[in-house]
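Each chain is listed here by its residues.
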Amino acid sequence: MFRRLLGGVAAAAVLLSAGAVAAQDISAQRLSDHIRVLADDSFQGRVPGEVGEKLTLDYLQAQYEAMGLQPGGPDGQWLQPVTLYRFTPARDAVASWTGPDGVSHALTGADLQLRSSNDSGRVEISDAPVVFAGYGITAPERGWDDYGDVDVTGKVVIVLAGEPEGELFRGEYNSAYSSSGYKKMEALRRGAVGVITLELDPAMWQRIAARPARTRTTTQGLDPIPFTGTVGPQTAMAWGTAAGVDHGAMATVDTGRFKAVELTGVRLNVDIEEAREEIHTYNLLAKIEGSERPDEVVIFSAHWDHVGVAAPDAHGDTVFNGAWDNASGTSGILELARAFSVSPQPERTVVFAHMAAEEMGLLGAWAYSVNPVYPLETTVADLNIDMLPLSGPTRDFAIFGKGQNTLEDDLAVLAEAEGRYVTDDREPEQNYYFRSDHFPFARSGVPALMPWHGVDLDEGGIEVGLPEYQALFSRDYHKRSDEWREDYDLRSAVENLTLMYRLAWDLANSDRWPTWKADSEFVATRARSDAARQ
């Protein structure tokens, strides 16, 4: 009966291993003390490259030195340098197209919005053929391939935003195939020189075309396709008509039968120039080296940055302190490191990573994924913490990306032993799985999990817990009101961190490798490095 309730031998093994060392005391007071420091006004909202960066990194390093941990960055250092590029259009992009008749048609921002997407900000491409590739998705585990046999080398790929609706692509929760990053990566892998998203809604296109040019921040080597853009329905229709495309073929893009179509005779010319500013920032990494398999690594991650300062509000407040987001998660990583520091040495290496520039687009984590300190193929898992729960104890343990990998199954065993259960984040419209530092690890094939805020309170249940969470989020998320409070209720945070400690302890003291589930969009990426884990 015991094993059946826990899911069999593997489940029992998780409990036995995690119980080999009792979870060390996770302290709500220490969490609060760390948050108070990191969210102080003197840190000025912890912006990469500004005064709060040094204060933050110095504080974190001092904590790890006091615990006796080793530097975990490259070449035995605490810090991993990260170079960010901030791009601003130097002038309006110049673009035109020609059809089979050879007549040139100038394009303005009302027809086509363009941005460079490489590391230089300068793009000049002439006479590039154009291909319409539906959603631009190739998903073998789902039997879906929009590209078919069409060669897009040296061509511009037009794609629809998002992904087909329905259970094939995770139902109400979007899969990673819906992201623009995936579409760029897939087109780049196939040799395309640009990706343009087709916006079919005329009203939405008008809003996009009317937006003023914004800065764009990226990191070196991230999806370096030369350019990206968005095109409105009228221009796309003109291209298709010139090429003699049967517009009725569009009706099949949601069926799985559609295959990419070359717009025969249509050629695109683009000339883009953007000014580039470099920002130098850092990830900070500490480690406890494994006693038996030090090259196998479990990573805890959390971003240390927030969004800085702005003009005074009605109360004269200028600082976005980021106490919840993400001084709380940063403090959680420190507490987990302290717990490991007073435990026996783990068999695998455990790394505590504080990522830069999450608020700029997960850029510290993306930079790590492009240039990892520890090989991704022998990284066991990434356990990311972004915003600890601020409530009383909960029966539920919410996570992002439920249904993706076996980490949640291991966590469910540990939770069930305490009378709790694992659930999804309950907010599919937010696309949370793509919005924090676990996602670059996931896209690189590393099984990744992130806990979230539970709402099924021990006292009051969902009826009380859900509106309390919604009110908290509405009041504080990315607002100046997100400041340290003496009356924080960190009991749920302590509960969740204790389970995360037990999960990590099991991973760090076993020879098991968590895996992606068969229908996960990341399973094929991980499979390419299976030999490294034999």
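Procedures and definitions
- Residues numbered from 1 in each chain as written.
- Predicted model: local features only at pLDDT ≥ 70, side-chain atom pairs only at ≥ 80, totals over all residues.
- Heavy atoms only, no water.
- pLDDT = per-residue confidence, 0-100.
- Contact = heavy atoms within 4.5 Å.
- Helix = DSSP H or I, 4+ residues; strand = E, 2+ residues; numbered from the N terminus.
- Salt bridge = Lys/Arg side-chain N within 4 Å of Asp/Glu carboxyl O.
- Buried < 20%, exposed > 50% of the residue type's maximum accessible area, 1.4 Å probe, protein only.
- Phe/Tyr/Trp six-rings, centres within 6.5 Å; stacked < 30°, edge-to-face > 60°.
- Lys NZ or Arg CZ within 6 Å of the ring centre and 35° of its normal.
- Axes fitted to C-alpha atoms, helices over the stretch in contact; angles between N-to-C directions.
- Parallel < 35°, antiparallel > 145°, perpendicular 65-115°, else oblique.
- Left-handed = near helix turned anticlockwise from the far one by under 90°.
- Nonpolar A, V, L, I, M, F, W, Y, C, P; charged D, E, K, R; others polar.

K.L.:
Would you mind showing me how to read the confidence of the model for the protein here?
P.N.:
Note that predicted coordinates carrying low pLDDT should not be read in detail. For the protein, per-residue confidence averages 94 on the pLDDT scale, and 96% of positions sit at 70 or higher. Across residues 1-9 the pLDDT falls below 50, and counting only partners more than four positions away or on other chains, this stretch makes eight contacts in the model.

K.L.:
So what exactly am I meant to see when it comes to the side chain of Ser96 here?
P.N.:
Relative to the elements of secondary structure, Ser96 occurs in strand β3 (residues 94-98). Residues within four places of Ser96 in sequence aside, it is in contact with Ser104, His105, Ala106, Leu107, Arg267, Leu268 and Asn269.

K.L.:
Would you mind showing me how to read the pattern of salt bridges here?
P.N.:
Two side chains of opposite charge can pair, provided their charged atoms sit close to one another. Tallied over the full model, the rule gives 37 salt bridges. For Arg86, the salt bridge identified is with Glu277, shortest N-O distance 3.6 Å. You can see Arg86 sitting in strand β2 (residues 79-89) and its partner Glu277 sitting in strand β13 (residues 261-288), a full 191 residues away along the chain. Looking at Arg86, the relative accessible area reads 26%, which means it is partly exposed. Taken together, the shared-partner salt bridges connect Arg91, Arg122, Glu124, Asp271 and Glu273 into one network.

K.L.:
Mind showing me how you'd approach the packing of aromatic side chains here?
P.N.:
For any two aromatic rings, the description comes down to two numbers: the centre-to-centre distance and the angle of the planes. Inspection of the entire model under this criterion finds 28 aromatic pairs. Judged by centre distance (6.4 Å) and plane angle (20 degrees), the rings of Tyr64 and Trp78 are stacked. Of this pair, Tyr64 sits in helix α4 (residues 51-67) while Trp78 is found in the loop between β1 (70-71) and β2, placing the two residues 14 residues apart along the sequence. One exposure class covers both Tyr64 and Trp78, and it is buried. Considering the side-chain rings of Tyr368 and Phe441, the 5.5 Å spacing of their centres and the 35 degrees angle between planes classify their relative orientation as tilted. Of this pair, Tyr368 sits in helix α9 (residues 363-370) while Phe441 sits in helix α11 (residues 438-443), and the two are 73 residues apart along the sequence. Across the pair, Phe441 and Tyr368 agree in class, each one buried. The ring centre of Tyr85 lies 4.2 Å from the NZ or CZ of Arg276, which sits over that ring.

K.L.:
I would appreciate a short explanation of the packing of helix α8 (residues 323-341) against helix α13 (residues 491-508) in the present structure.
P.N.:
Helix packing for two helices is described by the angle between their axes and how far apart those axes are. In contact at an axis separation of 10 Å, α8 and α13 are set at 50 degrees when each is read in the N-to-C sense. For the element pair α8 / α13, the angle class is oblique. Helix-helix and strand crossings are classified by hand; for α8 and α13 the assignment is right-handed. On α13, the residues touching Gly332, Leu336, Ala339 and Phe340 of α8 are Leu497, Met500, Tyr501, Ala504 and Trp505. Grouping the amino acids of the contact of α8 with α13 by side-chain chemistry returns eight nonpolar, one polar and no charged.

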